[in-house]
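Residues per chain, in single letters:
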Amino acid sequence: NAGVTQTPKFRILKIGQSMTLQCTQDMNHNYMYWYRQDPGMGLKLIYYSVGAGITDKGEVPNGYNVSRSTTEDFPLRLELAAPSQTSVYFCASIQGLPFTSTDTQYFGPGTRLTVL
Amino acid sequence: GEDVEQSLFLSVREGDSSVINCTYTDSSSTYLYWYKQEPGAGLQLLTYIFSNMDMKQDQRLTVLLNKKDKHLSLRIADTQTGDSAIYFCASVHGAGSYQLTFGKGTKLSVIP
């Protein structure tokens, strides 16, 4: 298994540009998450998905969109990039029922995004 | 909403024990987690404790939970230079929740 992969690793955007952050897992996990980590802060949940075709908002969804057309892929879209979206973005997937004694959590290596 | 607080920095000598502390506000939190983040990497789940437990030990790691005071600690015995990282505490928003609230992280520096 390759685990959770994220592309790109780094990206610089200009204000108003759009981009898609890719996240893929090959472990057939139903639950997938997008977090952002601002400097000196903990992770904040942007969106999550409990399975293909089902997504829901987290704590900080504004300015982002997601889709989950397959179990493997959970892309995060920024439509009009703003400097406030400068952050490191982490994708995660969970095997089993999340946040129980039976789950196993996997995090991707992150995408570092700068909006200028 | 839920809030999770941690001290930002901790410095210990190699071979000593490290204790990283965390407080949380949601009394209905079911699971509490500790993650490790090495420079330039994603988070790695270290251990967790269920809210009806007081203590959990896993090799060099000991988690203590004081539910009354909503205080969680992570003790690392015989701290090594490879333990240098940022450690995050996180709590679940109650039973059946799919969301975690993370603290800001404690940067552990191990002095050789």
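Preceding this section is the structure that the text describes.
The residue numbers shown here count from 1 along each chain, following its written sequence. Following the order in which they are written, the chains are lettered starting with A and the ligands numbered starting with 1. For this predicted model, a pLDDT threshold of at least 70 governs which residues receive local features, and a threshold of 80 or more governs which side-chain atom pairs are given and counted, while totals over whole chains, interfaces and linings are taken from all residues. Excluded from the side-chain calculation are hydrogens and water; included are all heavy atoms of the structure.

**Q** Explain the state of the cysteines here, please?
**A** Covalent bonding between the sulfur atoms of two cysteines defines a disulfide. Whenever a pair of cysteine sulfur atoms sits within 2.5 Å, that pair is classed as a disulfide. One pass over the full model with this rule turns up two disulfides over all chains. Put simply, Cys23 of chain A and Cys91 of chain A are joined by a disulfide, and their sulfur atoms are 1.8 Å apart. Note on the Cys23 of chain A and Cys91 of chain A pair: the S-S dihedral is about -70°, so by sign convention the disulfide is left-handed. Taken as a pair, Cys23 of chain A in strand S3 (residues 19-25) and Cys91 of chain A in strand S9 (residues 87-95) lie far apart in primary sequence, 68 residues in all. As far as burial versus exposure is concerned, Cys23 of chain A and Cys91 of chain A are alike and both buried. Note that Cys22 of chain B is cross-linked by a disulfide to Cys89 of chain B, the S-S spacing being 2.0 Å. For the disulfide bridge between Cys22 of chain B and Cys89 of chain B, the dihedral angle about the S-S bond is near -65°, and by the sign convention the bridge is left-handed. Of this pair, Cys22 of chain B sits in strand S3 (residues 18-24) while Cys89 of chain B is found in strand S9 (residues 85-92), placing the two residues 67 residues apart along the sequence. Each member of the pair, Cys22 of chain B as well as Cys89 of chain B, carries the same accessibility label: buried. The way it works is that DSSP assigns letters per residue, a run of H or I at least four long becomes a helix, a run of E at least two long becomes a strand, and they are numbered from the N terminus. Under the scheme applied here, a residue whose accessible area is under 20% of the maximum for its type counts as buried, over 50% as exposed, and between as partly exposed, the area being computed with a 1.4 Å probe on protein chains only.

**Q** Sorry if this is basic, but what is going on with the sheet that holds strand S7 (residues 64-66) of chain A here?
**A** Paired through backbone hydrogen bonds, the strands of a sheet run either parallel or antiparallel to each other. All names here are of chain A. Two strands form a pair only when DSSP identifies at least two bridges running between them. With antiparallel pairing, four strands are arranged side by side in an open sheet as S1-S3-S8-S7. At either margin of the open sheet sits one strand with a lone partner, and together these are strand S1 (4-7) and S7. The sheet shows a mean angle of 20° between the axes of neighbouring strands, taken without regard to direction. Sheet analysis places S3 next to strand S8 (residues 76-78), joined by three bridges and oriented antiparallel. Among the inter-strand pairings, Met19 is bridged to a residue of S8, identified as Leu78. To get an axis, a line is fitted to the C-alpha atoms, and for a helix only the part in contact is used. The angle between two axes follows their N-to-C directions and goes from 0 to 180 degrees.

None of this, on its own, says anything about what the molecule does.
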